[in-house]
Every structure is written in structure tokens, then in C-alpha cells.
Amino acid sequence: MAGELESLESCLERHIPPQDLAEVKRILYGGETRKLSLPSAALLSAQERDFELQGYGFDAAPEQLRRPRIVRVGLVQNKIPLPTDTAVAVQVAALHRRIEEIVEVAAMCGVNIICFQEAWTMPFAFCTREKLPWTEFAESAEDGLTTKFCQELAKKYDMVVVSPILERDEIHGGTLWNTAVVISNSGAILGKSRKNHIPRIGDFNESTYYMEGNTGHPVFQTQFGTIAVNICFGRHHPLNWLMYSLNGAEIIFNPSATIGTLSESLWPIEARNAAIANHCFTCPINRVGTEYYKNAFTSGDGGEAHHDLGHFYGSSYVAAPDGSRTPGLSRTRDGLLVVEMDLNLCRQVSDKWNFKVSPIIKKCLFLRTNCV
Ligand SMILES: NC(=O)NCCC(=O)O
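Description of the structure in this document. Because the structure is predicted, anything quoted here is derived from the model rather than measured. Within each chain, residues carry numbers counting from 1 in the order of the written sequence. Note on the predicted model: pLDDT of at least 70 is required for a residue's local features to be given, and 80 or more for side-chain atom pairs to be given and counted; whole-chain, interface and lining totals, by contrast, use all residues. As a convention, hydrogens and water are excluded, and side-chain values are obtained from all of the structure's heavy atoms.

**Let's talk about the sheet that holds strand E10 (residues 220-222)**
Alright, step 1. Within the open sheet, the four strands sit side by side as E10-E11-E12-E13. Their pairing is mixed. On the outer flanks of this sheet lie E10 and strand E13 (281-286), each paired with one strand and no other. When the angles between neighbouring strand axes are averaged without regard to direction, this sheet yields 25°.
Alright, step 2. Paired strands, in this sense, are two strands between which DSSP finds at least two bridges. Secondary structure counts use DSSP, requiring at least four H or I residues in a row for a helix and at least two E residues in a row for a strand, with both numbered from the N terminus. Bridging between strand E11 (residues 225-229) and strand E12 (residues 251-256) involves three bridges; their strand directions are parallel. Bridged to Val229 within E12 is Phe253. Geometry is summarised by axes, namely lines fitted to C-alpha atoms with helices restricted to the contacting stretch, and by angles between N-to-C directions that run from 0 to 180 degrees.

Have a look at this one:
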């Protein structure tokens, strides 16, 4: 993509003198994450399929009474492969194909839980405020084509799949929701989590389509650990992360769609801070590319009408409870980030810092247990 910075990391590596680079990274990113050695077949496939593949590992101290709880997560960021005015079914099929080729590589890398970006089966068209054709991308969370597709992937690769889609709930009046469907590695649907903070900011005016979700802060017990999904705008709300964590989440995914001019300086801070404050792993994911629409739309701010929201800056990463984080994926390319983590680190850091046993949190837990 012409003119866009490839990534902060590549820029630092180019310009910081080698003798200072390790110290700069330590200060910016915390303890250095171990580089994963990924199978050469996977690296080759990623190259052939034109996406970035990176792998890192977070370690925990050995314990006497608990075995390490090692899990590999995969974060996928991608552009829409076809123009936004292509027929709806053709766009969805192209996205399914693209994700299939990335998931195949994730399987080669031993990924146990994979998460896609927010509303991954469509352009992020909510800025247009037009109903058709965008509402036609909505699908049933329980038996839509995309859920069936993900169930097949989950079974084939023994992988938990987190699939954020635009949901059409036919049972409740055909309402729309911004929803993540969580599918077990057996292929069974574990449940769904609806986006519970909806942006009304500039071009991100999603309440034209759906409102705040009504699923609360669910967590999902998987074979590999307890996970939750805090969809995009929920990233800005510290209490939202806290609730998933109090409910037991060890890994919180944050599938997003956001642009540089709005949020890029917040991106490295918020999810990382949530990992620190809540003694868990957080996984923010953002799409890449610029999506163009035939009809111009305004941001409701007196400015000129325009045909795109701006550049989605990717930069997906994982943050650990000890505050360290992986480098981000590219700002411009499709990518798969594979991260190995020992979930024992959550309790180890909690025992050290004790943020979650502060009097205020104890009070929240007490009220929740006794006043429901
Ligand atoms: N998709 C979405 O909620 N975007 C809002 C912008 C942001 O949270 O950075």
C-alpha cells in the first residue's frame, strides 16, 4: 500500500542503532518474547499465499503442583479481497476462501484457538448508513453459512474458532447484532458474545444497524483455557475487560475494525493495559486496507462527503499479564500471528501484583455473588 508505514517495528529496526535496539524494545515492549520456530512448510505457504506469518512465545515459571498450561492462539488480520460492489454472496465466498488458506497454515503451526477480525465476512460498511446491500451480509449465529463453514474448520483442525459476524437473529424479530460465535474444537457451538459498546463517533456510527448487545460478559470454557470476546469499541472501556476477567477469562480476544486517524495511538495501550490490570492475556486484532464505497457518505461533522473511512492499520498483537507484548503484525498486509502462552502466568502475576484482590474488586465480587 503506497505511502503507508509498514510497521512500527520495521521502522525501529531500520533506524535505532543495533547497540540500543534491545534496550529500546525492552522499555517499549517489556521482557522480550521468545521467537517461535515455525515449520518451514508453513512459512513457505504463507509466502506463497501472500500473508505475513509471525510467531512468539510467552513463558511462565515452572511450578511444583501444576503442569504448564500451554496453548497456541492464532490472530488473523486481512483485507477484503474483492471490491465492495461485488455481489454479496461472491464477496462472502472469497472471504471464506481467504480465511481457509490462512487457517490451514495456522493448523500447520499447531494453533489451538483462532480468532478472526470483527465482522470478518464483509466490508466494514456501517459508515455508509445504507441498509442494502450491507444487511444482506447478516447471518444466523447458530446455523448460518459462515458458522457451518467455521464448524468444519474447527473439526478438521481440532481448533477452537472465534468467528465475529454480523448476526441476524430471526427468532427475535430478525434483529441485527455484532456478534462473535465461539465454536469448540469438536465443532459444537459453545455460544455467542455480542458487542456491548457501540460507537457513535465520526464514520463509526453503527447504531444505524444494531444496538448494545444483551449477552453480558460471557466466558467460554474450552479444552485449552477459558476465553472471552470483547468486540472492538469495548476496548476503550476498562470495566468491560474487568467483567470478562472477573467471570474467569484467561484470554480475551478483541476483534476490531479501526482506522489510524481515530485510534492508532490508543491501540498499543488499551489492550495491553487490560492484560496488566486483569492478569490475563489480551489479543487485539484489526483489519487492514482501505475499503471504497460507490456512494459518498459524510461523517456528520460538516466535512466533505467521502468514499472511504480511511486506512485500517492492522497491527494485531498479544499482550501478557506481566505487561510484555509481542511486536505487532504489519500495518498493511494480511497476516497470521501465532502466539504460544503458558496460562499459568495469569495466576503467577496475580499472586505477585494482586490487582484483582483490591478492596474495590472484592466488593464487586461480593455484590455479584450475593445480590443476584
Ligand atoms: N468497530 C468499531 O467499533 N470501531 C470503533 C473505533 C475504535 O474503537 O477504534
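**Brief notes about the pattern of salt bridges**
Close approach of charged atoms allows side chains of opposite charge to pair.
Alright, step 1. The salt bridge criterion pairs a side-chain nitrogen of Lys or Arg with a carboxyl oxygen of Asp or Glu, the two atoms within 4 Å. A complete count under the given rule lists 26 salt bridges for this structure.
Alright, step 2. In this structure, Glu63 and Arg66 form a salt bridge, with 2.8 Å as the shortest nitrogen-oxygen distance.
Alright, step 3. Throughout this description, buried means an accessible area under 20% of the type-specific maximum (1.4 Å probe, protein chains only), exposed means over 50%, and partly exposed covers the range between. For Glu63, a relative accessible area of 26% puts it in the partly exposed group.
Alright, step 4. Between Glu167 and Lys192 there is a salt bridge, with the nearest N and O atoms lying 2.7 Å from each other. Note that Glu167 is positioned in strand E5 (residues 160-169) and Lys192 in strand E7 (residues 189-194), a separation of 25 residues in sequence.
Alright, step 5. Through salt bridges with shared partners, a single network forms among Glu142, Glu167, Asp169, Lys192 and Arg194.

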